[in-house]
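Structural characterization, general
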Amino acid sequence: MRSYDWRWIPNVLTFARILMIAPFARALFLQEYRIALVIFAVASITDGLDGFLARRFNWRSRFGAVADPLADKALLITAYLVLTYTSVLPLWLFALVLGRDLLIVGGALLYHYCIGRFDMEPSIPGKLNTMVQVLVVLGIIVILAGLPVQPFWLDVGIWLVAVSVIISGSHYVLVWSMRAWRSRQS
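Residues numbered from 1 in each chain as written. Predicted model: local features only at pLDDT ≥ 70, side-chain atom pairs only at ≥ 80, totals over all residues. Heavy atoms only, no water.

1. Topic: unusual backbone geometry
Here the phi dihedral of Gln31 falls at roughly 60 degrees; this positive angle occurs in a residue that is not glycine. Assignment of secondary structure puts Gln31 in the loop between helix H1 (9-29) and helix H2 (33-56). Phi at Ser87 takes a positive value of approximately 65 degrees, unusual for a residue other than glycine. With respect to the element layout, Ser87 can be found in the loop between helix H3 (62-85) and helix H4 (91-114). (Helix = DSSP H or I, 4+ residues; strand = E, 2+ residues; numbered from the N terminus.)

2. Side note on the nonpolar core
Counting 35 residues, the largest nonpolar core has Phe24, Leu28, Tyr80, Ile141 and Val161 as its most contacted members. Contributing elements (two or more residues each) for this core: H1, H2, H3, H4, helix H5 (124-144) and helix H6 (152-185). If one sorts the elements of this core by residue count, H3 sits on top with seven residues. If sequence neighbours within four positions are ignored, Phe24 has contacts with Ala36, Ile39, Phe40, Leu75, Ala79 and Ile141. (Core = buried A, V, L, I, M, F, W, Y, C linked by side-chain atoms within 4.5 Å. Buried < 20%, exposed > 50% of the residue type's maximum accessible area, 1.4 Å probe, protein only. Contact = heavy atoms within 4.5 Å.)

3. Things to note about the packing of H2 against H5
It is at 8 Å that the axes of H2 and H5 come closest, and there the two elements cross at 150 degrees. Viewed along their axes, H2 and H5 adopt a mutual orientation that is roughly antiparallel. Relative to H5, the crossing made by H2 is left-handed. Taken together, the residues of H5 that come into contact with H2 (itself represented by Tyr33, Ala36, Leu37 and Phe40) are Val134, Val137, Leu138, Ile141, Val142 and Leu144. (Axes fitted to C-alpha atoms, helices over the stretch in contact; angles between N-to-C directions. Parallel < 35°, antiparallel > 145°, perpendicular 65-115°, else oblique. Left-handed = near helix turned anticlockwise from the far one by under 90°.)

4. What to know about the packing of aromatic side chains
For the coordinates displayed, the defined rule picks out seven aromatic pairs. Ring geometry for Phe57 against Trp59: centres 4.8 Å apart, planes inclined by 25 degrees, an arrangement best described as stacked. The partly exposed category is assigned to Phe57, whose relative accessible area is 36%. On the basis of relative accessible area, Trp59 is assigned to the buried category, the value being 7%. The ring of Trp176 carries the charged tip of Arg179 above its face, separated from the ring centre by 4.4 Å. (Phe/Tyr/Trp six-rings, centres within 6.5 Å; stacked < 30°, edge-to-face > 60°. Lys NZ or Arg CZ within 6 Å of the ring centre and 35° of its normal.)

See the structure below:
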């Protein structure tokens, strides 16, 4: 079999991650934190694996380019929503996380319809923000699952997420505002 025949694997892994969101949310909501931890770990592994396979074997697809980041965002937003709803995280943090994502999507749509087509690529601050959000959710679930971690990491994690959200959101606004301004000038 040729390598090309296996191109579908990254998309199946992305789709599997999307299917994991509901059981993950249910486990968090019902405070079944060890189950939520396993689901989150498996989702994280599939995320890394689908990205590796797509890059390594050039199994990229338009579906994967759109669905992969949406699956990641949906999993993270679900985690922050349920952890906020169950009073683990403060409402202001969820509002900040969701607000940043809505700002980026709104800005991208505005740019697309007012300036022109573009290819959105995550920035380094955006990638760092995602990594911080993932690690903080992971740390919180580990704490809630009763595994040996110092609980002060919850407070540290909240502030790390807040700072990274503000920095990466501001970075996107600045970069895309400058691109829009330069585009309008030419």
